Amino acid sequence: MTIRVYNTLSKTKEEFQTVTPGKVGIYLCGPTVYAEAHIGHMVGPVIFDTVKRYLVYSGYEVNLVVNITDVDDKLIKKATERGISMEEVANENIADYLHNLAALGVDQIDQMPKATETMDGIIAMVAELIEKGFAYASEGDVYFEVTKDPEYGKLTNRTVEAMQGEGGEAASRKRSPGDFALWKKAKAGEPSWKSPWGDGRPGWHIECSAMSKAILGETFDIHGGGLDLIFPHHENEIAQSECCHAKPMVKYWMHNGLLRSDPAAGKIGGRAEREGAAEAGGKMSRSGGAGGLAKLIERQSGERIRFFLLRTHYRSTILFSEEAIAEAGIGLDSFYRLFERYERLTGESFFDLPAAKTRKEGDFEPKKSELLVAIAKHRDAYLEKMDDDFNTGGAVSELFEMARLINKTIDQQKLEGDKSADLTNIKKAFSVLRELTGILGIFVTAPEKSSSGDSELVGQLMQLLIDVRASARQKKDFEMSDVIRDRLTAMGVTLEDRKEGATWRLG
RNA sequence: GGCGCCGUAGCCAAGUGGCUAAGGCAGUGGAUUGCAAAUCCACCAUCCCCGGUUCGAAUCCGGGCGGCGCCUCCA
């Protein structure tokens, strides 16, 4: 029951041991809020939300921090184009981001610091780096001097010598091309903060070093982000933080794989939009990219997207398509039918079932029930997989196995319609299912039933049709009963006949 | 060119040295049903190719072929 975590720094799975016993600090690189979120931005949050759930379930006290980078060249550009302030641009996109996170069931984030609210810490850190000889001021900018850090490049196995870069526009102000900006001098009209080096704003990487230090301390447990951030962002974070503090910054660097829209189109976010005319044939919209995420969520539901992401191991590349999400959704639906079955059986909602909140609490001795012996076995397998670097993809298979077992038991023991049946074991099995699905952040709350004013009327009309059809069936008037059912099917309503009467559902 | 990842059934995807290679979607056959739907049962892969290590490899090593990422302020 030890958790093992793949560490990008060591390129191996390591046994998880926290800096402070029983406590875990996680810092996830959040978005730079210059545009609406696309689905790629959701991957990290969904994964680390799940990681936190599992660590909490395993008995840890977890502090999950996701930052917002709200000062950056792209934000300034956007603000200028639209003639509004950088803050307004940021606020719009933060609202969009939060809305999308909520839709995907990401509710485990404890703190969301903003770069602009950490300016004192950023300036103090830059000053300390200069003082310690790792950074230098140059014409109002401040650069980190990579050659002063003997360990520079350790995360990505690069050497300073191998850094081919030409240094970009700032080359003339840098001592060597690999040096990166800690502080950038403000141009006229740009948002800026006062500093010992003149008015300016932070470079890209320093805000994460400053925010993580302020909230989680100089050494913390897990730092996460997309694979694309390893270099240069995380490499530079390590350099800054460790040169500043002379101690390891992070115990485990965890990087999630990226989403791809389709083999030809390439990646989803990032630079593609800058490729001008090429624009890869509108792949952003096709991929639910910029502007498309909210609509995608409306069409497919956030939970489907979450499940789709969690079906695959977090370090894998996921080939994204709406079809693939819909397919994952079919699997999810089978659980919902099982939950409806639970409701028919017990008269209670699956979503009201009490379930263990921790692994210890959930441990149980199955005793004589064949069902519970099997359930316990799959629960163990599920937890073993989660222990192994949060293998959610493998864990999901155990959930399907459990669902099958429960359905099978209900079938074989003919529990439906049997009022006198002993449901103790079945309830226990469902409760274990609830315990484990909760770790993935799925099936947490009952799905929203249509709250529109006419839903009651629809329900009554449906009941009328069902009653009429039942009476036709009783008279063996199958022509009539089939017409009713076929017409409903054509409308997207599925009827299911049962001994206790028919039920209906959309889809 | 440098650093790194990946190639498992029609599709998606676990497994990374040893029981019958998870699970999902799709499909086929069966149980159930008036017929369906839902559910259950059964069937459905020897793991890109070649060579090596080993008693034994999808799993390790070498070489191919193929796909992808980073090296450019993209999660």
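The structure displayed is predicted, hence computed values, not measured ones. (Residues numbered from 1 in each chain as written. Chains lettered and ligands numbered in written order. Predicted model: local features only at pLDDT ≥ 70, side-chain atom pairs only at ≥ 80, totals over all residues. Heavy atoms only, no water.)

Student: What should I look at first to understand the domain arrangement of chain A in this one?
Tutor: Interface size is commonly expressed as the accessible surface area that is lost when the partners come together. Structurally, chain A comprises domain 1 (4-116 + 208-272), domain 2 (325-440) and domain 3 (455-506). On the domain 3 side, the residues contacting the 4 residues of domain 2 number 5 residues. Carbon and sulfur atoms make up 43% of the surface buried where domain 2 meets domain 3, a total of about 360 Å² over both sides. A per-residue breakdown of the area domain 2 buries against domain 3 is headed by Arg337, Arg344 and Glu416, which together make up 77% of the total. Remark: the boundary between domain 2 and domain 3 carries 0 salt bridges. Residue classes in the side of domain 2 that touches domain 3 are distributed as no nonpolar, 1 polar and 3 charged. (Domains from an automatic or database assignment. Contact = heavy atoms within 4.5 Å. Buried area = accessible area lost by both parts, 1.4 Å probe. Salt bridge = Lys/Arg side-chain N within 4 Å of Asp/Glu carboxyl O. Nonpolar A, V, L, I, M, F, W, Y, C, P; charged D, E, K, R; others polar.)

Student: Just to check I follow, could you spell out unusual backbone geometry for this structure?
Tutor: A negative phi angle characterises most non-glycine residues, just as the trans form characterises most peptide bonds. Omega for the peptide link from Phe231 to Pro232 comes to 0 degrees, which places this bond in the cis form. Here Pro232 is to be found in helix α6 (residues 230-245). Although it is not a glycine, Ser301 adopts a positive phi angle of roughly 85 degrees. Examined against the element boundaries, Ser301 turns out to sit in the loop between α8 (293-300) and α9 (302-310). Even without a glycine there, the phi angle at Phe443 is positive, about 55 degrees. Judged by relative accessible area, Phe443 falls into the buried class, the value being 1%. (Helix = DSSP H or I, 4+ residues; strand = E, 2+ residues; numbered from the N terminus. Buried < 20%, exposed > 50% of the residue type's maximum accessible area, 1.4 Å probe, protein only.)

Student: Got a minute to help me understand α9 in this structure?
Tutor: In terms of burial, α9 is largely enclosed, as 9 of its 9 residues are buried. What α9 keeps buried is the set Gly302, Glu303, Arg304, Ile305, Arg306, Phe307, Phe308, Leu309 and Leu310.

Student: What is the right way to look at the packing of aromatic side chains in this model?
Tutor: We describe a pair of aromatic rings using the distance from one ring centre to the other and the angle between the two ring planes. Summed over all chains, the structure comprises 24 aromatic pairs. Aromatic side chains Phe339 and Phe351 sit 5.7 Å apart centroid to centroid with 80 degrees between the ring planes, which places their arrangement in the edge-to-face category. Taken as a pair, Phe339 in helix α10 (residues 322-346) and Phe351 in the loop between α10 and α11 (359-362) lie far apart in primary sequence, 12 residues in all. By relative accessible area, Phe351 is classed as buried at 15%. For the ring pair Phe350 and Phe430, a centre distance of 6.2 Å and an interplane angle of 70 degrees mean the geometry is edge-to-face. Of the two residues, Phe350 is situated in the loop between α10 and α11 and Phe430 in helix α14 (residues 424-440); the sequence distance between them amounts to 80 residues. In this structure an aromatic cluster arises from ring pairing among Phe307, Phe335, Tyr336, Phe339, Tyr342, Phe350, Phe351, Phe400, Phe430 and Phe443. When the ring centre of Tyr314 is taken as reference, the NZ or CZ atom of Arg315 above it lies at 5.9 Å. (Phe/Tyr/Trp six-rings, centres within 6.5 Å; stacked < 30°, edge-to-face > 60°. Lys NZ or Arg CZ within 6 Å of the ring centre and 35° of its normal.)

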